[in-house]
Amino acid sequence: MKPDSPSDPSLATMRPHSAHWGVFQAAWRDGALAVRPHPGDPDPNPLIDNLTDAVGHRARVTTPMVRRGWLERGPGPDDRRGRDDFVAMPWDEVLDRLAAELVRVRDRHGPEAVFGGSYGWSSAGRFHHAQSQVHRFLNTALGGYVRSVNSYSAGASAVILPHILGSMDDVARRNVTWEQVVAHTDVVLSFGGMALKNSRVASGGISRHIERESMARAAARGCRFVSISPLRGDMPLESRAEWLAIVPGTDTALMLALAYVLATEGLHDRGFLAEFCDGWETFEAYLLGRADGVPKTPAWAAPICGLPADAIQDLARSLAGKRVLVTVAHALQRAEHGEQPVWMGAVLAAMLGQIGLPGGGYAYALGTLAHYGKRMNAVPIAALPQGTNGVKAFIPVARIADMLLHPGEPFDYNGKRHAYPHIRLAYWAGGNPFHHHQDLGRLARAFRTLDTFVVHELGWTATARHADIVLPCTMTVEREDIGAAPTDPLMVAMHRIAPPHGQARDDYDIFTDLSERLGTRQAYTEGRTSGQWLRHLYERTRAALQERGLDAPDFDTFWARGELVLPQQDDDGGILRAFRDDPAGKPLPTPSGRIQIASPVVAGFGYTDCPGHPAWLPASDAPSADHPLYLVANQPATRLHSQLDFGAHSAANKRRGREVCTMHPDDAQARGIREGDIVELYNERGRCLACVTLSDGVRPGVVRLPTGAWYDPAPEPDASSLPFCMHGNPNVLTRDVGTSALAQGCTGQLTAVQARRYDGPTPPVRAYDPPPAATRQLPQAAS
Ligand SMILES: Nc1nc2c(c(=O)[nH]1)N[C@H]1C(S)=C(S)[C@@H](COP(=O)(O)OP(=O)(O)OC[C@H]3O[C@@H](n4cnc5c(=O)[nH]c(N)nc54)[C@H](O)[C@@H]3O)O[C@H]1N2
Ligand SMILES: Nc1nc2c(c(=O)[nH]1)N[C@H]1C(S)=C(S)[C@@H](COP(=O)(O)OP(=O)(O)OC[C@H]3O[C@@H](n4cnc5c(=O)[nH]c(N)nc54)[C@H](O)[C@@H]3O)O[C@H]1N2
Ligand SMILES: [Mo]
């Protein structure tokens, strides 16, 4: 953040813009971006500094590029994907070739052979939202595409929550707010913590980061925060939290033991269970051991969780009769059997009887993102309509490699059996599967089965390197857009700050020119330029403001002002409060209309990895003699996912050019590892290097390596060798299996590894260097 004093004459040139990590102001000066946070932001996100040197960085894609093997041999499966060189090509020619390939695939195999899920966060603007753009393009040009459902964020919870409470949106977004925590909560019992690094990010943008001050104010009033996590840093100092350093992946066992104490000491709210819940008896039989012979006592849980039995007992007793808020971070369900802690967290909250009361009950995922715990806007915000998808086939988002490697084979999902479609062409814009997916060696093999892989990117991510056609797109600061999120009152006129880099073009303009070639331009554009779309999309908000008799400036006024404050709804507690106040009149949207402590529907699916009530199911991917450490691969503090990993703030926090992994001093000493050493983390799937820092803020037996370092594989000597990342991408190590047959969510948060000091040669990280460019030896395509 460049500190401009208010008297700085260049202030006038600072213009508003917005990113997922915050609203900011910026100016283009001498080939770099000067940025500073929105003046109203009490706790700005340092991630905005990643923008300063990003625009002209060498990692940017400057011109359309085509992989040499694809150009010379045409579409088809190819082992050279990811290690081939690229040929630069003029826009007209590359779009002619891509249009011809789209037509070939559509006419020969139909749109069910095109994968357009294109998962990813892209950028914050509501119109140039790449994932919406690619969906709209595929719908209008091809009649549809194979889509993906759910997210890497909440793959398990998005499926289990509707069976037990209500939709993700109702349980995470429209539920307990930070205002209520400040005013009412006695105890925040937080599984996975509420790390400020995470809660300063919101999809679509955020203008005021209030989490730090909210926790400080609640703590000052006497609210007690208890953080259950393998990492101390998951709760900010301001919360004055107690830290219970649990063994990763064992929260369900701890919750069961807490429930056991409540149930056997008569501390549970029987009235609440009887009036608002179903299935208590079924669950109680399991909890007390009548069903399986194993009472879930603190003594039973203690060795599983690595916490003393009396600490568990004391914690349980301290909760009864208090306004307790149970939170469960997304991280816990990004793991094998990830449905269980989400469900059991709700059951624990139900036993405490506080669900639906202000500041009490269950706030799934509060503190993991800035769009939770806020009031909802009272007027709609801009969104690009995506059109109609004529293809029925879909996959749960994290089953991408399974789909590509096993076309035609069956998979289970939420009570039904489906079959994987046979994909020939994948189209990605706004996501980085070589960031988000697990077991990257397997993912690379999966992408090699395609005929054609198309990627729009602003940088040479590993995904772009594995593509056949790479189209350079603009960065958010190189175009105009509207910034808004449904839980933030500030709508932002995102001004263009910098000129487009190289030959980069907006995704919208690329799709417009492709649509022209496919004869579907009118359907895609509806006759509008991007500037006309912004005016059109703004109109929805303006009309809603006008209807409420509020200040409803026209577009040009909004644009000149730079921002517009939107009205927000009352802090009404959402569906859980409504249900508590009127259980008969406002039943929950679950099969029984009540909180489902046990679910006959889920039981009826017959999944052994997700039974009909929450249960402790040990993970198969747990530390072993060969791989004795738990790897926590969590969200990075210095960037959003892989975005702008090359940016100033992210780069400044690397060490010796590599990602930093955190290890307990005892684990380091046992391996002869010292502060600042280069270490190798490895298991049966892959290896990676990282620079180590030692800290007693991680539980012994746990190493932390955050996600987001761009994948930088060493050249593979042969096809059978394990991938070896020079930079520190933990997804070479994580496992590519679903959470369960119910949700099939991703399990990237945890895996088992071994670590050793790395004394071998440490080649420089090449992740940001553009791939080798070849000169073309082919005749120009006739177009
Ligand atoms: N091991 C492990 N893996 C994880 C997780 C974990 O905890 N552990 N977390 C998971 C989670 S929660 C998530 S949400 C995913 C995130 O995974 P992604 O959302 O795929 O990650 P991003 O890095 O945000 O990818 C966005 C990409 O879009 C590009 N982009 C930005 N703006 C534009 C644009 O305007 N147009 C185009 N065409 N491209 C653009 C960026 O350069 C970037 O490459 O990762 C998941 N992966
Ligand atoms: N700076 C930054 N912020 C982000 C993101 C980012 O990439 N960068 N990504 C955003 C996105 S898309 C999402 S979905 C959210 C994700 O929010 P989360 O998924 O909750 O975030 P993580 O940092 O992966 O995990 C939070 C903490 O959970 C702890 N944890 C891991 N496993 C266990 C376990 O088994 N038990 C317990 N008790 N704790 C465990 C870890 O110590 C970890 O630090 O974050 C958002 N915020
Ligand atoms: Mo996420």
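Cut-off values and rules
Residues numbered from 1 in each chain as written. Chains lettered and ligands numbered in written order. Predicted model: local features only at pLDDT ≥ 70, side-chain atom pairs only at ≥ 80, totals over all residues. Heavy atoms only, no water. UniProt positions renumbered as here; feature names shortened; annotations may be inferred. Helix = DSSP H or I, 4+ residues; strand = E, 2+ residues; numbered from the N terminus. Rg over C-alpha atoms; globule rule 2.2 N^0.38 Å. Buried < 20%, exposed > 50% of the residue type's maximum accessible area, 1.4 Å probe, protein only. Areas by Shrake-Rupley, 256 points an atom, 1.4 Å probe, with all protein chains shown as cover. Lys, Arg positive; Asp, Glu negative; His and termini not counted. Charge placed at Lys NZ, Arg CZ, Asp CG, Glu CD. Contact = heavy atoms within 4.5 Å. Near = heavy atom within 4 Å. Polar contact = N/O pair within 3.5 Å; in protein donor to acceptor, adjacent residues only side chain to side chain. Core = buried A, V, L, I, M, F, W, Y, C linked by side-chain atoms within 4.5 Å. Salt bridge = Lys/Arg side-chain N within 4 Å of Asp/Glu carboxyl O.

The protein has the name Aspartyl/glutamyl-tRNA(Asn/Gln) amidotransferase subunit C in an unreviewed UniProt entry, where Bordetella genomosp. 8 is given as its organism. Among the UniProt annotations of the protein, the heading Cofactor (unreviewed entry) holds the following wording: "Mo-bis(molybdopterin guanine dinucleotide)". The UniProt entry for the protein carries the following text under Sequence similarities (unreviewed entry): "Belongs to the prokaryotic molybdopterin-containing oxidoreductase family."

## Overview of the overall build of the protein
Helices and strands together make up the secondary structure of the protein, namely 27 helices and 31 strands. Since a compact globule built from 783 residues should have a radius of gyration of about 28 Å, the 26 Å found for the protein is in line with a globular shape. On the principal axes, the C-alpha backbone points of the protein span a range of 80 × 65 × 55 Å. For the protein, buried positions account for 64% of its 783 residues. Carbon and sulfur atoms form 51% of the exposed surface of the protein, whose accessible area is close to 26,600 Å². Separation of charge centres in the protein, based on 79 positive and 85 negative side chains, amounts to 1 Å.

## Examining the side chain of histidine 436
Inspection of the secondary structure puts histidine 436 in helix H17 (residues 433-436). Contacts of histidine 436, omitting those with residues within four sequence positions, involve Tyr119, Tyr152, Trp428 and Asn731.

## Focus: the site of ligand 1
If you check the shell around ligand 1, you find 34 residues, and the closest are Ser123, His436, Glu457, Ser642 and Asn731. For ligand 1, an oxygen atom lies 3.3 Å from a polar atom in the backbone of glycine 430. Contact between ligand 1 and glutamine 438: a nitrogen atom at 3.2 Å from a side-chain N or O atom of the residue. For ligand 1, the protein covers 99% of the area, taking 920 Å² as the surface of the free molecule.

## So, the nonpolar core
Counting 178 residues, the largest nonpolar core has Leu165, Leu189, Phe191, Tyr362 and Tyr364 as its most contacted members. Sorting elements by how many residues they give to this core places helix H9 (residues 251-264) first, with 11 residues. Excluding residues within four positions of it along the chain, phenylalanine 191 makes contact with Ile228, Asp251, Leu254, Met255, Leu258, Val326, Thr327, Val328, Ala329, Leu332 and Leu348. Leu98, Leu471, Tyr538 and Leu545 belong to the second-largest nonpolar core, a separate cluster that totals 55 residues.

## Things to note about the UniProt feature "domain: Molybdopterin oxidoreductase N-terminal" (unreviewed entry) in the protein
According to UniProt, the feature "domain: Molybdopterin oxidoreductase N-terminal" (unreviewed entry) maps to residues 17-55 in the numbering used here. Here residues 17-55 is 0% helix and 44% strand, with 14 Å between the C-alpha atoms at its ends.

## Things to note about the pattern of salt bridges
All chains considered together, the criterion is met by 54 salt bridges. With its nearest N and O atoms 2.6 Å apart, the salt bridge here joins aspartate 645 to lysine 654. Judged by its relative accessible area of 0%, aspartate 645 falls in the buried class. The partner of glutamate 675 in a salt bridge is arginine 655, and the shortest N-O contact between them spans 2.7 Å. Of this pair, glutamate 675 sits in the loop between helix H27 (665-670) and strand E26 (678-682) while arginine 655 sits in the loop between helix H26 (648-652) and strand E25 (660-663); the two residues are 20 residues apart in sequence, bridging distant segments of the chain. In this structure glutamate 675 comes out as partly exposed when scored by relative accessible area, which is 40%. One network of salt bridges, in which partners are shared, links Arg67, Arg73, Asp78, Arg80, Arg81, Asp84 and Asp468.

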